[in-house]
Amino acid sequence: MFVDQVKIYVKGGDGGNGMVAFRREKYVPKGGPAGGDGGKGGDVVFVVDEGLRTLMDFRYQRHFKAPRGENGMSKNQHGKNGEDLIVKVPPGTVVIDADTNQVLADLTENGQRFVVAKGGRGGRGNTRFATPANPAPEIAENGEPGEERNVILELKLLADVGLVGFPSVGKSTLLSVVSAAKPKIAEYHFTTLVPNLGVVETDDGRSFVMADLPGLIEGAHQGVGLGHQFLRHIERTRVIVHVIDMAATEGRDPYEDYLVINEELKQYNLRLTERPQIIAANKMDMPNAEENLQKFREKIGDDVPIFPISAVTKQGVRELLFAIADLLETTPEFPLHEVEEPAVQRVVYKYEKEEPPFTITRGSDGAFILSGEKVEKLFKMTDFSREESVRRFARQLRAMGVDDALRERGAKDGDIVRLLDYEFEFVD
Ligand SMILES: Nc1nc2c(ncn2[C@@H]2O[C@H](COP(=O)(O)OP(=O)(O)OP(=O)(O)O)[C@@H](O)[C@H]2O)c(=O)[nH]1
């Protein structure tokens, strides 16, 4: 089974910061609190697009960050939410957490959505902190940081395009010059036959999977144990590229070759002859190729489009790829035979990290180092320019048990406590 694999980084947008503001009315020096909340950060969302066949696009872009929410404003106006960042993935994409190796989602249906990184909520403005005891609080929260994560996308590749033709007409050469990526063989134990497979990208950014089909068919003839995956390569093929040696090396007749191969396809599987074909008239760099091509054209007529190419000089190859991509776009999928799926199915479950709210370690300089997702998030949501916010942060730490834990570890008045890149003094 061939897989395409790519590791990417996703981050939800941070929430916007809450605002500290007061109503301003004539003759009232300081009215009630009027600071609005920050907007929520955008989510990063995977959406299945059945028009995609490969993970090629991810070779160029590997970082996906959703926009942050707007900050809150005065007059109790809330900041706008950040827009979600939609990332298209091909059907069959499995999403795996790169750090824990857990499968997060198995995306199969067109339009299926999966939020891979949530945006942070907006920080609350000072209006929300008003209490009878403190009716004019000078306190607001920063936005919550968006979720971030490294994920691996994995896609099992099936061939969209099959190459057929006699031996030595140049199939392997063609496949090698058009392959932008050689997929990795993930599991390959059921047969001695390795199909030649390549991920192809056209100059205008479309991509598809191309396979050397006769290799598969010959193997089937020889009764080599073909796995389902191999049969599926053949079944899934929507366009057949018929490679013909126009130099007619070894005294061959290009037209005869064409008929013989088509007959073989028919013998192998009638359904293959339903696939639209494109003829790649290869080895056009050779002396007598042009003359042979003319004769060939006369016999074929307009039934099948012919693209003169040279796999060696790459002349005409670009146009051939465009034609294949165009034809793929207009050719519907052929229903797959009900081939039995292997019984192993990936289990998808939501994985929630269970971490202590904080941990304390000692630095080489003796400082107490405070870390942990929860305590770091609290820290990031605190506006340290306001005394009231700082006091609230201190209260939150105490409530979490940080003070007690520090004391237990032997912290004394004046000892340094470090959190991310900030330092403060422990006060008992
Ligand atoms: N002059 C010329 N030679 C070519 C061209 N394409 C392929 N060849 C040569 O033709 C020979 C056969 O090419 P392959 O790519 O191995 O042919 P194949 O169809 O994959 O053959 P099998 O692997 O036997 O099925 C090699 O020596 C290639 O260098 C071409 O465009 N021009």
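Residues numbered from 1 in each chain as written. Predicted model: local features only at pLDDT ≥ 70, side-chain atom pairs only at ≥ 80, totals over all residues. Heavy atoms only, no water.

Once that is clear, we can look at the site of the ligand. By nearness alone, 15 residues border the ligand, and S168, K171, S172, T173 and D285 come closest of all. K171 places a main-chain nitrogen or oxygen 2.8 Å from an oxygen atom of the ligand. Between an oxygen atom of the ligand and a side-chain N or O atom of T173, the distance comes to 2.5 Å. For the ligand, the accessible surface in isolation is 650 Å², of which the surrounding protein chains cover 66%. Top element by residues in the shell around the ligand is helix α1 (residues 171-178). It accounts for three residues. (Near = heavy atom within 4 Å. Polar contact = N/O pair within 3.5 Å; in protein donor to acceptor, adjacent residues only side chain to side chain. Areas by Shrake-Rupley, 256 points an atom, 1.4 Å probe, with all protein chains shown as cover. Helix = DSSP H or I, 4+ residues; strand = E, 2+ residues; numbered from the N terminus.)

The element strand β13 (residues 207-212) is largely enclosed, with a buried count of six among its six residues. Along β13, one buried face is formed by S207, V209 and A211 and the opposite face, lined by F208, M210 and D212, is buried too. Strand direction decides the pairing type here: strand β9 (residues 161-164) and β13, joined by three bridges, are parallel. Bridging from a neighbouring strand, V161 pairs with M210 of β13. (Buried < 20%, exposed > 50% of the residue type's maximum accessible area, 1.4 Å probe, protein only. Pairing = 2+ DSSP bridges.)

The next subject is the pattern of salt bridges. Under the criterion given, the structure shown has 26 salt bridges. In this structure, E144 engages K377 in a salt bridge whose closest nitrogen and oxygen atoms are separated by 2.6 Å. In this pair, E144 is assigned in the loop between β7 (113-117) and β8 (148-156) and K377 in helix α7 (residues 373-380), connecting sequence segments 233 residues apart. Under the relative-accessibility criterion, E144 is labelled buried at 16%. (Salt bridge = Lys/Arg side-chain N within 4 Å of Asp/Glu carboxyl O.)

Now for the UniProt feature "binding site: Mg(2+)" (unreviewed entry) in the protein. Summarizing the sequence annotation, UniProt attributes the feature "binding site: Mg(2+)" (unreviewed entry) to S172 and T192 in the numbering used throughout. Here S172 lies in helix α1. Residue classification places S172 among the partly exposed residues on the basis of a relative accessible area of 43%. (UniProt positions renumbered as here; feature names shortened; annotations may be inferred.)

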